[in-house]
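Coordinate inspection notes
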Amino acid sequence: MRSLVFFSSLFLLLSFLRCQPPLVGAEPPAAPLVLTPDLVYDSAQQWVDSVYLSMSEEERIARLFWLAVEQADQPAAYARIRTQVERYQPGGVLLMGMSLERVPEVVLDLQSLSKRPMLVSIDGEWGAAMRLKDLPAFPYAMTLGALASDSLVYRMGLEIARQMRVLGIHVNMAPVADVNSNPDNPIIGHRSFGEQAGNVARKSVAYMRGLQDGGVMAVGKHFPGHGDTDSDSHHTLPVVKHDRALLDSTDLLPFKAMIEAGLWGMMTAHIEVPALDSRAGLPASFSDSIVKGLLREDLGFEGLVLTDAVNMQGARGMGTPGVVDMFALKAGNDVVEFTEDLPGAIAAVKKALADSLLCPREMEAKCRRSLAFQYWLSERSAVKVVDSLLYTPETLELNRLLYESALTLLHNKAVLPIDPAQMKQQEVLLLGMAPVLRDSLRSLGLKVQNLALHDPAAFRRQLAGVGEEVGLIFVIGDSQWGRRAANAALRQEVIQLLKRKQALTVFMGNAYHLAPWRELDGVGALLLAYENNDRAQEAVWRLLTGHIGANGRLPVSISQWYAAGSGIDLAPLKP
């Protein structure tokens, strides 16, 4: 207990010192003490010792499995989860989609059924809003990858951790540290900070530190790197064909950086990596060479190792539910996430121990690591859901700043900034939906037209009706998953108009989806906002009206058009 008091005091002191400005003329401060997994283990050792000795063999095994809480509003489905928690005492739960109002009921209810604190986790890559309704969502990782300031990502991590603690959540399955070097990657894409390994590493560490300084476990994923795949491990077993040198210089770089920075959790991926393990068809998550050899021994990771969900197709090839869980533990994982057959998994582990397929000493170490984090993290959260605690002015201001700071100006032929006196001399054509931006521009008296996507004749009339003496702003409202709202023939007619008018094009969506507009190269100006939601549209509105500038940098390459790192600084017109 004395060690816990010391550690807690040290944590508070370090947090305070980090916020203090440097003294004028003073020596640069020493690097802050990293809150490593070892310090967490030391702080919880006495509690872990006493609890471990009080547990049955079955309870010790069950602590290594986390159940998914799905369909929490369905009485029969939720009753099954309650029964399993009460009967088997798993180590944690993973919250899936549910309303915000349901979260405290579920968390408090399930914790009440557990003899010991369970870890409550969530996939919250852009905040808890990724899984929970009615919460403010933060930007996607690709949007954050455009930021010049890593400190903003750190602040976001702190704020997400604060919200999660209020909700009783201890673990965030984030950040995604995959280097998305394949534009056709169907599952990572905008979930990655980009294709530049150094930028991904910096942003991953910043997000991780924010979460962990805020008292929430960060889980780096998907080790050893899911960025260069052209298939989805939810549906198949993707293969990463990089050689070892390329893996070391790209895919592994962000994971190494997070480990050095004191990462607490790591998620292993259901991907095949022949350069790391030549056994055909073996996922990295089930490879002792990768989990025990590379992650533990070579990279020195001491934290908690979790599998990606074992109900994914990339894992199911390893065996039936229950048996597959045992094989995941045998490979070196500490926690199996999304187990489909908890009693079957416990039975498979007990048999493997009896048959000497699993090492009792390793199993004990897994349980102790899991218990230590369960103790340490449960001490730092409390369920007290109040809207005012989740929707603070500071939260909304930070989110606004993140979206504004991501705006990236890719080229500009003296189109931006728009002279306020000339603003009303603009016409706006909108391809797709961007209602907040549309209404804001109309409030200035501008003519704004939604192009008739399903009526080619009307579409062409709208293009022909653009006045010769006015400027033109063309807004592309891309959808989340890349629906491109124009066929090839109509797109060519739009491009000809934009060339003639030297127009400003605003692309609101995934950077990769700009590729079909390649012929806009050098035409007027091109502004990229990465997402198409209310906050991104508000950011564009503030730039068009001169309140903010742009200093974002493109985190990915766009089809031999713009290289990663492209971007032009634009100063605001107004202070």
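What counts and how
Residues numbered from 1 in each chain as written. Predicted model: local features only at pLDDT ≥ 70, side-chain atom pairs only at ≥ 80, totals over all residues. Heavy atoms only, no water. Axes fitted to C-alpha atoms, helices over the stretch in contact; angles between N-to-C directions. Helix = DSSP H or I, 4+ residues; strand = E, 2+ residues; numbered from the N terminus. Parallel < 35°, antiparallel > 145°, perpendicular 65-115°, else oblique. Contact = heavy atoms within 4.5 Å. Nonpolar A, V, L, I, M, F, W, Y, C, P; charged D, E, K, R; others polar. pLDDT = per-residue confidence, 0-100. Phe/Tyr/Trp six-rings, centres within 6.5 Å; stacked < 30°, edge-to-face > 60°. Buried < 20%, exposed > 50% of the residue type's maximum accessible area, 1.4 Å probe, protein only. Polar contact = N/O pair within 3.5 Å; in protein donor to acceptor, adjacent residues only side chain to side chain. Pairing = 2+ DSSP bridges. Core = buried A, V, L, I, M, F, W, Y, C linked by side-chain atoms within 4.5 Å.

1. Quick notes on the packing of helix α9 (residues 244-251) against helix α10 (residues 253-260)
One way to put it is that α9 packs onto α10 with a least axis distance of 5 Å and a crossing angle of 55°. Classed by the angle they form, the pair α9 and α10 counts as oblique. Packed against α9, whose contacting residues are Leu-247, Asp-248, Ser-249, Thr-250 and Asp-251, the element α10 presents Leu-253, Pro-254, Phe-255 and Lys-256 at the interface. Of the residues contributing to the contact of α9 with α10, the split by class is four nonpolar, two polar and three charged.

2. A closer look at the confidence of the model for the protein
Summarising the model, the protein shows a mean pLDDT of 91, and 91% of its residues fall at 70 or more. Of the regions scoring below 50 in pLDDT, residues 1-31 engages in 22 contacts with residues more than four places distant in sequence or in other chains.

3. Quick look at the packing of aromatic side chains
Here the structure, examined in full by the defined rule, presents eight aromatic pairs. Between Trp-264 and Phe-373, the aromatic rings sit 6.1 Å apart at their centres with planes inclined by 45°, giving tilted as the arrangement. Of the two residues, Trp-264 sits in the loop between α10 and β6 (265-268) while Phe-373 sits in helix α15 (residues 360-378), which places them 109 residues apart along the sequence. Residue classification places Trp-264 among the buried positions, given a relative accessible area of 0%. Residue classification places Phe-373 among the buried residues on the basis of a relative accessible area of 0%.

4. Considering the side chain of Asp-277
For Asp-277, the position within the fold is in the loop between β6 and α11 (288-298). Residue Asp-277 is classed as buried on the basis of its relative accessible area, which comes to 7%. Of the polar contacts made by the side chain of Asp-277, one reaches the side chain of Arg-279; its length is 2.6 Å. Engagement of the side chain of Asp-277 in a polar contact is seen with the side chain of Ser-287, the distance being 2.6 Å. Not counting residues within four places of it along the chain, the set of residues in contact with Asp-277 comprises Leu-282, Ser-287, Ser-289 and Ile-290.

5. Examining the sheet that holds strand β11 (residues 447-450)
Reading across the sheet, the six strands line up as β9-β14-β13-β12-β10-β11 and stay open at both edges, with mixed pairing between neighbours. Two strands lie at the open edges of the sheet, namely β9 (408-412) and β11, each paired on one side alone. The sheet shows a mean angle of 15° between the axes of neighbouring strands, direction not considered. Strands in contact with helix α18 (residues 435-443) are β10 (426-432), β11, β12 (471-477) and β13 (504-508); relative to β11, the strand with the most contacts, it is inclined by about 155°.

6. What to know about the nonpolar core
Counting 166 residues, the largest nonpolar core has Leu-110 and Trp-517 as its most contacted members. Non-local contacts of Leu-110, meaning those with residues more than four positions away in its chain, are made with Val-69, Tyr-78, Ile-81, Arg-82, Val-85, Val-93 and Met-118. Formed by 29 residues, the second largest nonpolar core is a distinct cluster that contains Leu-416, Met-508, Leu-543 and Leu-544.

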